[in-house]
Amino acid sequence: GADIAAAVALAKAADYTVVVLSNAEGEGGEGQDRQSIATAPDQMALAKAIFSALGEENGDNGASDLTQAALLMINGGIMGIDSLREDVHGAILELFMPGAYGPQAVAETVFGKNVPGGKLPVTMYYSNYTDGLSIDDMSMQAGHGRTYRYFAGPVIYPFGQ
């Protein structure tokens, strides 16, 4: 509560806001099995509060006068950001595990010295994608389907976008 309120106040006062979500310390780390692709509830609450507050402050219209804001995702495997996509009026950068030169590349991208181009190498699913999937059934067509080829449901961002 108080920590989130303090973070929101700092974001409103800042010229630039960078929110980092990560699953690297938990199930997204190397050698870890994941139970879900959902973003940790505490991280999601913080991000939603900050981006919602920035949107309200600027009329929630996505206009260019918004505080410069970016969402950075550092993760080992897809993170479901669900409705947060609609709250972020700035950039969303999927970093995966950026490595030794990652911080420099991210800073250059966030502050406009580098304009990234490319395609998303994965499909970004909603958090409930893993509901009902059996870890024991590796068929690509099992359940509601796996990967961009067999899954026909809604996604946050499709493969190759």
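Since the model is a prediction, treat every value here as computed from it, not as a measurement.

1. Some points on the overall build of the protein
Thinking step 1. For the protein, the helix and strand inventory stands at five helices and five strands.
Thinking step 2. Tracing the protein from N to C terminus, the helices and strands come up as α-β-α-β-α-β-α-β-α-β.
Thinking step 3. Here the C-alpha atoms of the protein give a radius of gyration of 17 Å, agreeing with the 15 Å that 2.2 N^0.38 yields for 161 residues.
Thinking step 4. Expressed along its principal axes, the backbone C-alpha trace of the protein runs to roughly 50 × 35 × 30 Å.
Thinking step 5. Counting across all 161 residues of the protein, residues that qualify as buried make up 32%.

2. Brief notes about the nonpolar core
Thinking step 1. Membership of the largest hydrophobic core comes to 21 residues, with the highest contact counts inside it found for Leu21, Phe51, Leu71, Ile81, Leu84 and Met124.
Thinking step 2. Put simply, the parts of the chain that give this core at least two residues each are helix H1 (2–13), strand E1 (16–22), helix H2 (41–57), strand E2 (68–74) and strand E5 (155–157).
Thinking step 3. Per-element accounting of this core gives the leading share, six residues, to H2.

3. Brief notes about the pattern of salt bridges
Thinking step 1. Enumeration over the complete set of coordinates arrives at one salt bridge.
Thinking step 2. The residue aspartate 87 makes a salt bridge to lysine 48 at a minimum N-O spacing of 2.5 Å. With aspartate 87 in helix H3 (residues 84–87) and lysine 48 in helix H2, the pair connects residues that are 39 residues apart, well separated along the chain.

4. A few points about the sheet that holds E2
Strands pair in a sheet through their backbones, by hydrogen bonds, and they do so in one of two ways: parallel or antiparallel.
Thinking step 1. Across the sheet, three strands lie side by side as E1-E2-E3; this open sheet has parallel pairing. The outermost strands of the open sheet, each flanked by one partner alone, are E1 and strand E3 (91–96). The average undirected angle you get between the axes of adjacent strands in this sheet is 20°.
Thinking step 2. Pairing analysis gives seven bridges linking E1 to E2, with the strands arranged parallel. Within the sheet, the bridge partner assigned to serine 22 lies in E2 and is isoleucine 74.

Rules behind the numbers
Residues numbered from 1 in each chain as written. Predicted model: local features only at pLDDT ≥ 70, side-chain atom pairs only at ≥ 80, totals over all residues. Heavy atoms only, no water. Helix = DSSP H or I, 4+ residues; strand = E, 2+ residues; numbered from the N terminus. Rg over C-alpha atoms; globule rule 2.2 N^0.38 Å. Buried < 20%, exposed > 50% of the residue type's maximum accessible area, 1.4 Å probe, protein only. Core = buried A, V, L, I, M, F, W, Y, C linked by side-chain atoms within 4.5 Å. Salt bridge = Lys/Arg side-chain N within 4 Å of Asp/Glu carboxyl O. Pairing = 2+ DSSP bridges. Axes fitted to C-alpha atoms, helices over the stretch in contact; angles between N-to-C directions.

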